[in-house]
Amino acid sequence: MKNLKSIFFLLAVTILAASCGDGTPSLQEYYVDKAENPNFISIDLPTSLLGVASSSLTEKQKEAYESVKKLNVLAFKVNTDNKAAYEEEKTTVQTILKDDKYEELMVINSGKYKGTVKYLGDDEAIDEVILFGSDDENGFALVRVLGNKMKPENMMSLVEAVQKGAVDSGALESQLEGIFN
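These figures come from a predicted structure and were not determined experimentally.

Definitions and limits used
Each chain has its residues counted from 1, running along the sequence as written. Totals for whole chains, interfaces and linings use every residue, but because this is a predicted model, local features are given only for residues with pLDDT of at least 70 and side-chain atom pairs only at 80 or more, for both listing and counting. By convention in this description, side-chain values take in all heavy atoms of the structure and omit both hydrogens and water. Helix and strand assignments come from DSSP, with helices taken as H or I runs of at least 4 residues and strands as E runs of at least 2, each series counted from the N terminus. Between two residues, a contact is recorded if the distance between any of their heavy atoms is within 4.5 Å. Definition of nonpolar core: a set of buried residues of the types Ala, Val, Leu, Ile, Met, Phe, Trp, Tyr and Cys, connected through side-chain atoms within 4.5 Å. Accessible area is worked out with a 1.4 Å probe on protein chains only. A residue is then buried under 20% of its type maximum, exposed over 50%, and partly exposed in between. Residue-level confidence of the predictor, termed pLDDT, takes values from 0 up to 100. At least two DSSP bridges between two strands are needed for those strands to be called paired. To obtain an axis, a line is fitted to C-alpha atoms, over the contacting stretch when the element is a helix, and the angle between two such axes runs from 0 to 180 degrees between their N-to-C directions.

Novice: Any details on the environment of Gly115? Residues and values, ideally.
Specialist: Structurally, Gly115 can be placed in strand β4 (residues 113-121). C-alpha separation for the pair Gly115 and Gly133, spaced 18 residues apart in sequence, amounts to 4.0 Å. Not counting the four nearest positions on each side in its chain, Gly115 is found in contact with Met106, Val107, Ile108, Phe132 and Gly133.

Shown next as structure tokens:
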């Protein structure tokens, strides 16, 4: 009986230790927790809103576009009343993105605008691209580009298509209008 109690105690301690972690939520948990917070604007956008004229895309660009399923946008608009909350939330997001599971693609630091582009997956098949940008006067935006086996080289090709106007950004802009205005 004493051995049985010891085994149950050891099992309980193991389960408790495994469930504690460091208290930092996952990015998905963060999105869910903040979706209803009045300081945040949360938008889920299907790729159909991107207005892509697929006839003007190369095969690589089509493959990249078809691998993107949706975009999750979470934005925090800072004002004089929520400046402290903004700093706290920005630090939380930065802490989440420091996790080793996120591979860094790019860091942006142009004066007052700061940002990072990271991804989940491997070099052959990216499952999620994360864009985080902040400006202490306006706020921050966290964008998750969700897809299935996105290829980095194809995604770069799709970015080129966007720059050349193959994507009608008007529909997307109307969805995002007012976030930082």
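Novice: Could you give me a rundown of the nonpolar core, with the residues and numbers involved?
Specialist: Counting 17 residues, the largest nonpolar core has Leu27, Tyr30, Leu97, Phe140 and Leu142 as its most contacted members. With four residues, the single largest contributor to this core is helix α4 (residues 83-97). Core analysis: the second largest hydrophobic core is formed by twelve residues, Val73, Ile126, Val145 and Met150 among them.

Novice: Give a description of the confidence of the model for the protein that names residues and reports values.
Specialist: Low pLDDT marks stretches whose predicted atomic positions should not be read closely. This prediction gives the protein a mean pLDDT of 77; 70% of its residues lie at or above 70. When mean pLDDT is taken per element in the protein, α4 scores highest with 96 and helix α1 (residues 2-20) scores lowest with 40. Overall, residues 1-21 carries pLDDT values under 50, and its contacts beyond four positions in sequence, including any with other chains, amount to zero contacts.

Novice: A description of the sheet that holds strand β2 (residues 68-77) should follow, citing residues and the corresponding values.
Specialist: A sheet is described by the order of its strands in space; here six strands give the open sequence β1-β2-β6-β5-β4-β3, paired in antiparallel fashion. A strand with exactly one partner marks an edge of an open sheet, and here the two such strands are β1 (40-46) and β3 (103-110). Taken over all neighbouring pairs, the strand axes of this sheet differ in orientation by 10° on average, direction set aside. For β2 and strand β6 (residues 139-150), the ladder comprises nine bridges, and the chain directions are antiparallel. Bridging across to β6, Lys70 finds its partner in Leu146. Running at roughly 60° to β2, helix α3 (residues 59-67) makes contact with β2 and β6 of the sheet. Sitting on the sheet, α4 is in contact with β1, β2, β4, β5 (126-135) and β6, with an inclination near 150° to β5.

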